[in-house]
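# Remarks on the overall topology
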Amino acid sequence: METIRLEFQPSIKAKILELLSSFSSEELKIVQEDLEFDRTSRKLDLELDKINNGTAEFCSADELDVMMDEIFAEYEN
């Protein structure tokens, strides 16, 4: 299947959905956009770029454990 993105005025949504409903579920699947998914995807792409170009910062499991303990301590009080 192929995917396209449509932008339209809310006033024509019913007409668009009526037209699209004439296709079978095997021919057409309507997928709602998830803005949080798009935001997260862009963020992860940026982080992957940092890993690939060598500018990412890493920490050991022990360092992570210490950082998490500090964060939890902040919220316990």
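Everything below is about the structure printed above this text.
The sections below set out a description of the structure shown in this document. (Residues numbered from 1 in each chain as written. Predicted model: local features only at pLDDT ≥ 70, side-chain atom pairs only at ≥ 80, totals over all residues. Heavy atoms only, no water.)

Turning next to the overall build of the chain. Counting its secondary structure elements, the chain contains three helices and zero strands. The globule rule puts the C-alpha radius of gyration for 77 residues at 11 Å, and the 22 Å found for the chain is more than 25% above it. By principal-axis analysis of the C-alpha atoms, the chain measures approximately 60 × 40 × 25 Å. Buried positions account for 0% of the 77 residues belonging to the chain. Charged side chains of the chain number 8 positive and 20 negative; the gap between the two group centres comes to 12 Å. (Helix = DSSP H or I, 4+ residues; strand = E, 2+ residues; numbered from the N terminus. Rg over C-alpha atoms; globule rule 2.2 N^0.38 Å. Buried < 20%, exposed > 50% of the residue type's maximum accessible area, 1.4 Å probe, protein only. Lys, Arg positive; Asp, Glu negative; His and termini not counted. Charge placed at Lys NZ, Arg CZ, Asp CG, Glu CD.)

Once that is clear, we can look at a nonpolar patch on the surface. Taken together, the side chains of Leu64, Met67, Met68, Ile71, Phe72 and Tyr75 make up a nonpolar region of the molecular surface, amounting to roughly 610 Å² of accessible area. By secondary structure assignment, the location of Tyr75 is in helix H3 (residues 61–76). Residue Tyr75 is classed as exposed on the basis of its relative accessible area of 68%. (Patch = residues over 30% accessible without salt bridge, like charges linked within 9 Å, V, L, I, M, F, W, Y side chains within 5 Å. Areas by Shrake-Rupley, 256 points an atom, 1.4 Å probe, with all protein chains shown as cover. Salt bridge = Lys/Arg side-chain N within 4 Å of Asp/Glu carboxyl O.)

A word on a negative patch on the surface. Negative charge collects at one region of the surface, where Asp62, Glu63, Asp65, Asp69, Glu70, Glu74 and Glu76 lie side by side. Within the secondary structure, Glu76 sits in helix H3.

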